[in-house]
Amino acid sequence: MMAFGGNKEGALSGQKNFKQYLRSYALVIIFLGVCAVFAIASPTFLQPTNIVGVFRQIAINGVLALGMTLVIITGGIDLSVGSLMAITGVVSAMILENNPNMLAVALIVGIGAAALMSMWTAVLVAKMRIAAFIASLSTMTIARGVALVVADGIPHTIKDTAYSEIGNGYLWDPAATGGVGFPVLVLILIVVAVITAVILYNTKFGRYIYAVGGNENAAEASGVNVVKVKFWTYVLNGALCGVAGMMLAARITSGQPNAATGYELDAITAVIIGGTSMAGGSGKISGTIIGALIIGVLNNGLVLLGVSSYYQQIIKGIIIAVAVLLDMKTKKGN
Amino acid sequence: MEKAILKMEGISKSFPGVKALDGAAIEVRAGEVHALMGENGAGKSTFMKILNGLLEPDEGSIEFDGKKVEIHSPSEALGLGIAMIYQELNPIKDMTIADNIFLGREYTRGNSVFVDKGKAEAEADKLLEEFGMPVRAKTHMRGLSIAQMQMIEIIKAVSSGARLIVMDEPTSSLTDEEITILFQTIHDLKRNNVAVIYISHRLEEIFQIADTVTVLRDGKYIDSKKAGELDRDSLINMMVGRRLDNIFPKKEVEIGGTVLEVKHITRKGVFEDISFHVRAGEIVGFYGLVGAGRSEVMRALFGLDRADCGEIWMDGRRIRIKKPQDAIANGIALVTEDRKDTGLVLCRSIRENIALPSLGDFCRAAFLDKEKENKKCDEIAGKLTVKMSGLSQEAGNLSGGNQQKVVLCKWMMKNPRLLILDEPTRGIDVGAKAEIHSLMGDFAKAGMAIIMISSELPEIIGMSDRIIVMGEGKIRGEFKIGEYSQDDILKCALGGKK
């Protein structure tokens, strides 16, 4: 309740008519529509194992997209997320190589390294007032270079089973429940979603994120420390990239300096489909989760239907545009 | 008498939950200046948006030049000869005057796709000369003043064959001199048989320029009258439906000790050696022409800009203000002159806007106590009578007067010692204006020190216990209540000695 309680508006403003309902739930309806199509077309789509599979598939992108949501609500963007993930993977894998028993340290330092690197973007955007696109482009390149230098250009295998359990393990043995488990990756996604939602809806910092993105000048004139809010938003996003980087490294059991290239676009896509305005000032955690789910379901469903991967790209691209158009139309509504 | 060029009848338009227009009507004759009047929220902008094709009416008919028309877009309106000049101009600032005038109907070389720059510039120069503008067509828009940009818009409208021009608050950011030029231009338009629908909150202007006045109230057509048959009181009466005996209900307030004392603050090139004080319960009016440096002084007091030197004292203590947080912590609140730019986060709810500076007071540990926040916001919004569907309504959907009240709510929540109001009633309708004046009286009565910047002389004179006049970044004079005439203040602002 507290976590997703950002949208209590409905209860407070009294009844809504049908159109407003449609407006609030347009995304959910689009999502269910896509699901319905696949459910009819493919018998495997609704099978529990497949559903769990979809959630597992979206977990990493979901975590990235949640961080990206905060950044985009401030009116910014972060293109460096993929590179930051690679830093975490490489750093944590290499620490474990030398100190096999220090998993916790490896993860904390790995995630910390991504957060530290994101301060480059944070300073450039918040303090130096460089456009976020350019600042994070700079970080994207630097961080990739850092990952390559640190790793000496080669992948570092993760032998620690506890680490790889993060990416491949389940909360309970799937065999016990007829093959349906609860992936650790999905648990992490849920935890991150709850944390970001609490931050966004239930803290001062969250309110400031919206205010800064909605109108920076008004926020400043209301006593909001705009520089600080922007700075910590980028650093928080950097830390979440670290978490996503850990998840990816665990899943592929390797810290690779070239990992996660192009991930920023998937994350941004999920955020945009989720109805967050690129102009800043508005957006919801639930929207981003659904956005990530829509992408996940599309990937999954098209594979199930045996659509060639070449066509998959075309269809995905079209559906992204359609989803955003529908969302815009219902939002504008009247 | 000229025949009607535009006839809009029985226009109705509903938005969810609101009937914005309910049988609105207007009949405009060629070559007349027709004032469209009404309080904010009376439906003027919706009405004009329908004329401009931005909105479709639910009911009603539009007749232009004797023919029934349906207008679906601004370009269709323009095609018919209806042009709009909005309150907030949006020229393409990096293009030249010529480019802007002929935007969308560029001259080309023969039938080619290539633009004939030379011809456009020659034509534009001809137009500029006709309108007595001392600029060249090659000049970039960026270099022009707001008044000049507005003139370019008018030239653009006329040169594209507009026969009806709608002007929405055209004088809101003009100096008196610029207004005179604008009115001259409007007279020229009249002579050329162009009709003007003129929207303004400044009643004096209406009597100066308008031939006919149509009044809307609550989306309904109230009446149309010759401007000569009306006076200020009767017009206000038509607009608000009740007589405002006293627009400036100044309350008797006991004046206390000094709250703010400013000593010799200077910001190089902006203002110089500014010293003044404000006492509890006192309203100090700052008058001056646009550009006198009044807003800049207040921005420095509030920490939005830095003063180079000088001292600021609050309640006998010297304070240092480097950023707005410092000012707020010292009990200073600033209602800025531009609600949309620095006052409100328009895309967020009323609640979030009101609570923004006070979030720290609603926090338990790191978390917001939303119930407390909601209760407090509701309380204050009720006290200041904000008209809204609920605290969750987007601030951007409110009328100007209500937006200003939300800004006031935001600062009242902090219960400041010193309230600075920069043009608190600009662009606000008569009813809301009176309410804001009355609120200011209440605040003063509660012991708050108030500074009010206003460019409206009647407002300054009606509200202030003391008036400080600024010009060219300096304080030019100070007047106590009852020790001056309107002329004294104006002369002082224009540069004469006290």
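The coordinates are above.
Because the structure is a prediction, the values reported are computed rather than measured. (Residues numbered from 1 in each chain as written. Chains lettered and ligands numbered in written order. Predicted model: local features only at pLDDT ≥ 70, side-chain atom pairs only at ≥ 80, totals over all residues. Heavy atoms only, no water.)

1. Points about the pattern of salt bridges
Residue and element names in this part refer to chain B.
And then number 1: All chains considered together, the criterion is met by 26 salt bridges over all chains.
And then number 2: A salt bridge links lysine 126 to glutamate 123; the shortest N-O distance between them is 3.5 Å. Here lysine 126 and its partner glutamate 123 are both found in helix 4 (residues 117-130), 3 residues apart, which amounts to about one turn of the helix.
And then number 3: The residue arginine 279 makes a salt bridge to glutamate 282 at a minimum N-O spacing of 3.7 Å.
And then number 4: Residue arginine 279 is classed as partly exposed on the basis of its relative accessible area, which comes to 30%.
And then number 5: Among the ionic contacts, a cluster of salt bridges with common partners joins Arg279, Glu282, Arg466 and Glu478. (Salt bridge = Lys/Arg side-chain N within 4 Å of Asp/Glu carboxyl O. Helix = DSSP H or I, 4+ residues; strand = E, 2+ residues; numbered from the N terminus. Buried < 20%, exposed > 50% of the residue type's maximum accessible area, 1.4 Å probe, protein only.)

2. Here's the deal with the packing of helix 4 (residues 81-98) of chain A against helix 5 (residues 103-127) of chain A
All names here are of chain A.
And then number 1: Here helix 4 crosses helix 5 at 150 degrees, and the two axes come no closer than 8 Å. Accordingly, the angle class assigned to the pair helix 4 and helix 5 is roughly antiparallel. Judged by the twist between their axes, the crossing of helix 4 over helix 5 is right-handed. When helix 4 is examined against helix 5, the residues Leu84, Ile87, Thr88, Val91, Ser92, Ile95 and Leu96 are found in contact with a partner set consisting of Leu103, Ala106, Leu107, Val109, Gly110, Ile111, Ala113, Ala114, Met117 and Ser118.
And then number 2: Looking at the contact of helix 4 with helix 5, its residues break down into 13 nonpolar, 4 polar and no charged. (Axes fitted to C-alpha atoms, helices over the stretch in contact; angles between N-to-C directions. Parallel < 35°, antiparallel > 145°, perpendicular 65-115°, else oblique. Left-handed = near helix turned anticlockwise from the far one by under 90°. Contact = heavy atoms within 4.5 Å. Nonpolar A, V, L, I, M, F, W, Y, C, P; charged D, E, K, R; others polar.)

3. Quick look at the pairing of strand 16 (residues 332-335) of chain B
All names here are of chain B.
And then number 1: Alternating positions in strand 16 separate into two faces, Ile332 and Leu334 on one and Ala333 and Val335 on the other, with burial throughout.
And then number 2: Bridge analysis of strand 16 against strand 19 (residues 418-422) gives 4 bridges, and the strand direction is parallel. When the sheet's bridge partners are listed, leucine 334 is paired in strand 19 with isoleucine 420. (Pairing = 2+ DSSP bridges.)

4. Some words on the layout of surface pockets
Residue and element names in this part refer to chain B.
And then number 1: Looking at the second largest pocket, its volume works out to about 470 Å³.
And then number 2: Taken together, 22 residues make up the lining of the second largest pocket; nearest its centre are Leu78, Met84, Tyr86, Glu153 and Lys156.
And then number 3: Only helix 2 (74-80), strand 6 (82-85) and helix 5 (146-159) provide two or more residues apiece to the lining of the second largest pocket.
And then number 4: The element contributing the most residues to the lining of the second largest pocket is strand 6, with 4 residues. (1 Å grid on protein atoms, 1.4 Å probe; cavity = no way out; pocket = protein on both sides within 12 Å on 5 of 7 lines; lining within 4 Å. Points joined across faces, edges and corners; volume = space filled by probe spheres on them.)

5. Concerning the nonpolar core
And then number 1: Core analysis: the largest hydrophobic core is formed by 183 residues, its most contacted members being Tyr163 of chain A together with Leu260, Phe276, Met298, Ile354, Leu419 and Ile451 of chain B.
And then number 2: For this core, the element with the most residues is helix 11 (residues 226-252) of chain A, which contributes 14 residues.
And then number 3: Residue contacts for tyrosine 163 of chain A: discarding those within four places in its chain leaves Ser92, Leu96, Leu103, Leu107, Ile158, Met246, Ala249 and Ala250 of chain A.
And then number 4: With 52 residues, the next largest nonpolar core counts Met37, Val194, Tyr198 and Met239 of chain B among its residues. (Core = buried A, V, L, I, M, F, W, Y, C linked by side-chain atoms within 4.5 Å.)

6. Regarding the interface of chain A and chain B
Many authors give the size of an interface as the accessible area that is lost as the parts come together.
And then number 1: Each partner contributes residues to the interface: chain A has 28 residues there, and chain B has 30 residues.
And then number 2: Here chain A and chain B share an interface that buries about 2,500 Å² over both sides, 57% of which is from carbon and sulfur atoms.
And then number 3: The three residues of chain A that bury the most area against chain B are Arg207, Ala221 and Ser222 of chain A, which together make up 25% of that side's buried surface.
And then number 4: In this structure, the connection of chain A to chain B is made through 1 salt bridge.
And then number 5: Arginine 207 of chain A is the salt-bridge partner of glutamate 373 of chain B, the closest N and O atoms lying 2.5 Å from each other.
And then number 6: Counting the contacts that link chain A with chain B gives 9 residue pairs in polar contact (both at pLDDT 80 or more).
And then number 7: Mapped onto the side of chain A that touches chain B, the elements with two or more residues apiece are helix 1 (9-12), helix 8 (184-202), helix 9 (204-214) and helix 10 (216-221) of chain A.
And then number 8: If one sorts the elements of the side of chain A that touches chain B by residue count, helix 9 of chain A sits on top with 6 residues.
And then number 9: Split by residue class, the side of chain A that touches chain B holds 10 nonpolar, 13 polar and 5 charged. (Buried area = accessible area lost by both parts, 1.4 Å probe. Polar contact = N/O pair within 3.5 Å; in protein donor to acceptor, adjacent residues only side chain to side chain.)

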